[in-house]
Amino acid sequence: MKPTLRSRTLTTAFMFVVAVYVLLPVWWLLVSATKSGGDLFDTPALWFGEINLGTNVGRLMEQDGGVYPRWLINTVIYSVGGAVGATVVSAMAGYALSKYPFRGRGAVFAVIMFAVLIPVPLLGLPLYLLLTQLGLLNTMWGVLLPSMVSPFGVYLARVYADAAVPTDLLEAGRLDGAGELRIFFTVAVRLMAPALVTLFLFQFVAIWNNFFLPMIVLNDEKLWPVTLGLVKWNSLRTGFYRDMVITGAFVSVIPVILAFIGLQRFWKADLAAGSVKV
Amino acid sequence: MATIQLEAEQRRTAPPPRRRGPTGNRAAGIFLAPFAVLFVVFFLVPIAYAVNESFYQVKRSGLGFGTPERVFAGLDNFTAVFADGSFMNGIGRLLLFGLVQVPIMLGLALVLALLLDSASARFKRVFRLTYFLPYAVPGVIAAIVWSFLYTPRISPLADLVPFDFLSDSVVLWSMANIVTWTWVGFNMLVIYAALQSIPTSLYEAAELDGAGGWKTAWYVKVPLVRPSLVLTGVFSIIGTLQLFNEPMVLSRITPAVGKDYTPLMRSLQVALDNNDYGQGTAIALMLAVFAAGLSYLFIRLSAWLTARGVNP
């Protein structure tokens, strides 16, 4: 059955309207990041005035003793470091749950699935008290280590291991005399690799998105990720900081958007969606 | 001597050791250990800590000049949560928010996924990627950008509408818009991925039976992607109950959003500003119980509806 011209036109028009809604804030941010403070008010909001992007970025990098570049570096450390850690830890745990029928496996998995249902920010307060006692308050580890705990990541890794790693292959490796660790790192990881990239991306976004944890853990501005810094500047609400907030938001978001576009083939939500049995 | 003899006997007669036995268990233990340690320290211990803390209160004797004393308070903190007007107002706001925003967001996500999956759509790849882009923007940055778009004179929108985006009666829906903008594409992608895994032979059968595009979508596709709708529904419920980033950003720029606007904000305010950890953790625990309970109810409800043949 071929769709009629009318249904094609209506569908495309609707999708176009939604696309405009989605892109409007991004477009506004791009245009505004190029404007001087005065132009923000005096020129059309959705079109360029005089292009001052270079000046804005230059000022951004020097503002408050050059703290912005530090925030960017910190963000990369937290998001990339935390996501790599979470991926490795989750992959190992998910693989164990998938391939070893040890006693109590069902119970362990049930606890992990229950943990998925608990909103992590609600652990923020006790975590704060705990980190104080561990001496991790106001340190990078205080953000990194809790970021590596991802019950949902373990669940996904288990699904991936079930789907991508044939048990026969592991048996063959064992008959060849390979140890369990070697089998995991040479056979299983290779087979799970595409899925692990997806897992990494999910964790990266989760940490990049998590404002609550660094807000609770970090006092020292020099350790902040970019989100914390922008929120502080934004709350100052003076004209000068307003320009810095806009340019700062633009500079931090654009690389991530570009990375998304470049890595789009790895955004496979199907494994997450298709195999949830409720 | 006799036991040694016996062991030797057994060794001779026992079948060759299986790798699956103790070796397998040890390997499983090694693979699970890093996650287990982190999970216990940064997940279970905080919960236990919170549960313990929530049973205590700090009492100051006399006129408040004596040394504060930490006393066991039983369930007092929990009953106090329900007597706390700020908390109850916050819960009311979240329920209203969730009842309106979650169906709108998931409905839009479902429609977009179905359209992307239909034969009528053009430029599918471009549209799919476009809808997904806001997922790259952290909630607080989305809230900051939208807060500019809600500000008169800077915004191209604020002058077009007859109301103030940041006023008392509108600000909750301004927040709902930010959350919808951020998450609709992600939810769409999850549902779309499920649609893609339906074998096309099912559509052909529906077509032979004379079902049009809309009928096929509603009677064939939607029931088949139910698991993905349940998943996105559960995530949305949990996300709503922990609503924090958007109201926190807006609370710094408009008086319409107080520092106790949502229960999670209230929990922080009580614990950190009032130094009442017992009460603050009690609020957080109640929220966690609500979140788990609501998610569970939602899963049961949708299973029950399906069993009775109700869509979706």
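All of these numbers come straight from a predicted model, not from anything done at the bench.

Basis of the calculations
- Residues numbered from 1 in each chain as written.
- Chains lettered and ligands numbered in written order.
- Predicted model: local features only at pLDDT ≥ 70, side-chain atom pairs only at ≥ 80, totals over all residues.
- Heavy atoms only, no water.
- Helix = DSSP H or I, 4+ residues; strand = E, 2+ residues; numbered from the N terminus.
- Buried < 20%, exposed > 50% of the residue type's maximum accessible area, 1.4 Å probe, protein only.
- Contact = heavy atoms within 4.5 Å.
- Areas by Shrake-Rupley, 256 points an atom, 1.4 Å probe, with all protein chains shown as cover.
- Rg over C-alpha atoms; globule rule 2.2 N^0.38 Å.
- Buried area = accessible area lost by both parts, 1.4 Å probe.
- Salt bridge = Lys/Arg side-chain N within 4 Å of Asp/Glu carboxyl O.
- Polar contact = N/O pair within 3.5 Å; in protein donor to acceptor, adjacent residues only side chain to side chain.
- Nonpolar A, V, L, I, M, F, W, Y, C, P; charged D, E, K, R; others polar.
- Lys, Arg positive; Asp, Glu negative; His and termini not counted.
- UniProt positions renumbered as here; feature names shortened; annotations may be inferred.
- pLDDT = per-residue confidence, 0-100.
- Core = buried A, V, L, I, M, F, W, Y, C linked by side-chain atoms within 4.5 Å.
- Patch = residues over 30% accessible without salt bridge, like charges linked within 9 Å, V, L, I, M, F, W, Y side chains within 5 Å.

## Some details on the overall build of chain B
Scanning chain B for helices and strands turns up 13 helices and 2 strands. Residues classed as buried in chain B amount to 50% of the 312 residues present. For chain B, restricting intrachain contacts to residue pairs at least 6 apart in sequence, the fraction spanning at least 24 positions comes to 65%. Accessible area for chain B stands at about 15200 Å²; split by element, carbon and sulfur atoms hold 64% of it.

## Considering the overall build of chain A
On a plain count of helices and strands, chain A comes out with 13 helices and 0 strands. For chain A, the succession of helices and strands along the chain, N to C, is α-α-α-α-α-α-α-α-α-α-α-α-α. Over its C-alpha trace chain A gives a radius of gyration of 23 Å, far above what one expects of a compact globule, namely 19 Å for 278 residues. Across its three principal axes, chain A shows a C-alpha extent of roughly 75 × 65 × 35 Å. Across the 278 residues in chain A, those meeting the buried criterion constitute 53%. For chain A, the proportion of contacts with a sequence separation of at least 24, taken over those separated by at least 6, is 72%.

## Details of the interface of chain A and chain B
It is common to give the size of an interface as the accessible area that goes away when the parts come together. On the side of chain B, 101 residues touch chain A, which itself brings 103 residues to the contact. Around 9300 Å² of area is buried between chain A and chain B when both sides are counted, 80% of it from carbon and sulfur atoms. Considering only the side of chain A, the residues that lose the most area to chain B are Met15(A), Leu122(A) and Leu125(A), jointly responsible for 8% of the buried surface there. Applying the counting criterion to the chain A and chain B interface returns 0 salt bridges. The interface formed by chain A and chain B includes 6 residue pairs in polar contact (both at pLDDT 80 or more). Ranked by the residues each element gives to the side of chain A that touches chain B, the list is headed by helix H1 (residues 5-33) of chain A, at 18 residues. Its residues assigned to classes, the side of chain A that touches chain B comprises 82 nonpolar, 13 polar and 8 charged.

## With respect to the side chain of Glu246(B)
All names here are of chain B. Mapped onto the secondary structure, Glu 246 falls in helix H11 (residues 245-251). The side chain of Glu 246 sits in the buried core without any salt bridge; Arg 252 is the nearest counter-charge, 13 Å away. Among all residues touching Glu 246, those that are not within four sequence positions of it are Gly 139, Ala 143, Met 175, Ile 178 and Val 179.

## Points about the UniProt feature "transmembrane region" (unreviewed entry) in chain A
All names here are of chain A. The feature "transmembrane region" (unreviewed entry), as annotated in UniProt, sits at residues 12-30, 71-95, 107-129, 141-161, 181-208 and 244-263 in this numbering. For the annotated span residues 71-95, helix accounts for 100% and strand for 0% of the residues, and the straight-line distance between the end C-alpha atoms is 35 Å. The distance from the first to the last C-alpha atom of residues 141-161 is 29 Å, and the span holds 86% helix and 0% strand.

## With respect to the confidence of the model for chain A
Residue and element names in this part refer to chain A. Of the residues in chain A, 95% reach a pLDDT of 70 or more, and the chain-wide mean stands at 89. For chain A, the element scoring lowest by mean pLDDT is helix H13 (residues 270-274), at 47; helix H6 (residues 140-147) scores highest, at 96. Residue range residues 273-278 is modelled with pLDDT below 50. Its contacts to residues more than four positions away, or to other chains, number 14 contacts.

## Here we look at the UniProt feature "domain: ABC transmembrane type-1" (unreviewed entry) in chain A
When the UniProt feature table is mapped onto this chain, "domain: ABC transmembrane type-1" (unreviewed entry) is found at residues 72-262 of chain A. Between the end C-alpha atoms of residues 72-262 of chain A there is a gap of 20 Å, over a span that is 80% helix and 0% strand.

## Section: the pattern of salt bridges
Residues and elements named next belong to chain A. All told, the structure shown has 9 salt bridges over all chains when counted by the stated rule. Between Glu 180 and Arg 174 there is a salt bridge, and its shortest N-O distance comes to 2.8 Å. With a relative accessible area of 8%, Glu 180 lands in the buried category. We classify Arg 174 as buried; its relative accessible area is 8%. One network of salt bridges, with partners in common, ties together Glu 171, Arg 174 and Glu 180.

## Focus on the environment of Arg308(B)
All names here are of chain B. Within the secondary structure, Arg 308 is located in the segment after helix H13 (277-307). On the basis of relative accessible area, Arg 308 is assigned to the exposed category, the value being 59%. Residues Arg 308 and Tyr 277 lie 31 residues apart in sequence; the distance between their C-alpha atoms is 46 Å.

## Remarks on unusual backbone geometry
Residue and element names in this part refer to chain B. At Phe 123, a position not held by glycine, the phi torsion is positive, near 50 degrees. Inspection of the secondary structure puts Phe 123 in the loop between helix H4 (85-117) and helix H5 (124-132). Its identity as a non-glycine residue notwithstanding, Arg 153 has a phi of 80 degrees, on the positive side. The residue Arg 153 is located in the loop between helix H6 (139-149) and helix H7 (171-196) in this model. Assessed through its relative accessible area of 57%, Arg 153 is described here as exposed.

## Side note on the confidence of the model for chain B
It should be kept in mind that the predicted coordinates are not to be read in detail where pLDDT is low. With 89% of its residues at a pLDDT of 70 or more, chain B has an overall mean of 85. Contacts from residues 1-19 of chain B, a stretch scored under 50 in pLDDT, to residues over four places away or in other chains number 5 contacts.

## Brief notes about the UniProt feature "transmembrane region" (unreviewed entry) in chain B
All names here are of chain B. Per the UniProt annotation, the sites labelled "transmembrane region" (unreviewed entry) are residues 28-51, 94-117, 129-150, 170-195, 224-244 and 277-299. Along residues 28-51 one finds 100% helix and 0% strand; the C-alpha atoms at either end are 31 Å apart. Between the end C-alpha atoms of residues 129-150 there is a gap of 26 Å, over a span that is 68% helix and 0% strand.

## Looking at the nonpolar core
Membership of the largest hydrophobic core comes to 184 residues, with the highest contact counts inside it found for Trp28(A), Trp233(A), Phe260(A), Trp267(A), Tyr131(B) and Ile141(B). Here the element with the most residues in this core is H7(B); it accounts for 16 residues. Discounting residues that sit within four places of it in the chain, Trp233(A) has contacts with Leu60(A), Gln63(A), Asp64(A), Val67(A), Tyr68(A), Trp71(A), Tyr241(A), Met244(A) and Val245(A).

## What about the environment of Tyr49(B)?
Within the secondary structure layout, Tyr49(B) lies in helix H2 (residues 22-53). A C-alpha to C-alpha distance of 34 Å links Tyr49(B) and Ala136(B), two positions 87 residues apart in sequence. Dropping the residues within four chain positions of it, Tyr49(B) is found in contact with Pro126(A), Leu129(A) and Gln133(A).

## Describing a nonpolar patch on the surface
Residue and element names in this part refer to chain B. Together, Leu 96, Leu 99, Val 100, Ile 104 and Trp 173 give the surface a local cluster of nonpolar side chains, amounting to about 480 Å² of exposed area. Tallying contributions element by element places H4 first for the nonpolar patch, with 4 residues. Following the sequence through the fold, Val 100 ends up in helix H4.

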